[in-house]
Amino acid sequence: MAKKGKQRQPQPKRSNEQERTEAGGATLKELLGADTLQKLKAQADELKTAEADRKEKQRLQEEEAKKQEKKRLENDFSYLLENSDSKWSKYK
C-alpha cells in the first residue's frame, strides 16, 4: 500500500502592496523622477518604431527577391516547359 503524503495548505498570496511594505515601501516608479520616466518612455517608443521600420524593410526586400526570382523563372524555358499545362487543346 502506498502512503498518502500530507497535503499542504496553500499559502495566501500576497498583494503587491504587502510586498512593497515588506521590501522597503518604494517601487522603481516611485524612486525614479518624472523626467527619467519620460526619457525611458521616449526611448521605448523609438525602439518600437525602429523595430517596425526594420521589419518593413525586411519585408520589402523579401518581396523584391520574390519578384526577381519569378522574373528569372519566367525567362527559363525548361522551367516553363516543366510547369506548363499539358492540355494544349484548350488553347486552340
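The sections below set out a description of the structure shown in this document.

Cut-offs used in this document
- Residues numbered from 1 in each chain as written.
- Predicted model: local features only at pLDDT ≥ 70, side-chain atom pairs only at ≥ 80, totals over all residues.
- Heavy atoms only, no water.
- Helix = DSSP H or I, 4+ residues; strand = E, 2+ residues; numbered from the N terminus.
- Buried < 20%, exposed > 50% of the residue type's maximum accessible area, 1.4 Å probe, protein only.
- Areas by Shrake-Rupley, 256 points an atom, 1.4 Å probe, with all protein chains shown as cover.
- Salt bridge = Lys/Arg side-chain N within 4 Å of Asp/Glu carboxyl O.

1. So, the overall build of the protein chain
- Secondary structure assignment for the protein chain yields 4 helices and 0 strands.
- Written out in order from the N terminus, the α and β elements of the protein chain read α-α-α-α.
- Burial statistics for the protein chain: of 92 residues in total, 1% are counted as buried.
- In the form shown here, the protein chain has an accessible surface area of approximately 9800 Å², with 52% of it arising from carbon and sulfur atoms.

2. Quick notes on the pattern of salt bridges
- Scanning the entire structure with this criterion turns up 4 salt bridges.
- Among the ionic pairs, Arg54 bridges to Glu51, the shortest N-O distance being 2.6 Å. Here Arg54 and its partner Glu51 are both found in helix H3 (residues 34–74), 3 residues apart, which amounts to about one turn of the helix.
- Note on Glu51: relative accessible area 33%, which makes it partly exposed.
- Glu63 is the salt-bridge partner of Arg59, the closest N and O atoms lying 3.1 Å from each other. Placement of both Arg59 and Glu63 in helix H3 is noted, with a separation of 4 residues, approximately one turn of the helix.
- In the salt-bridge network here, residues are joined through shared partners; they are Glu56, Arg59 and Glu63.

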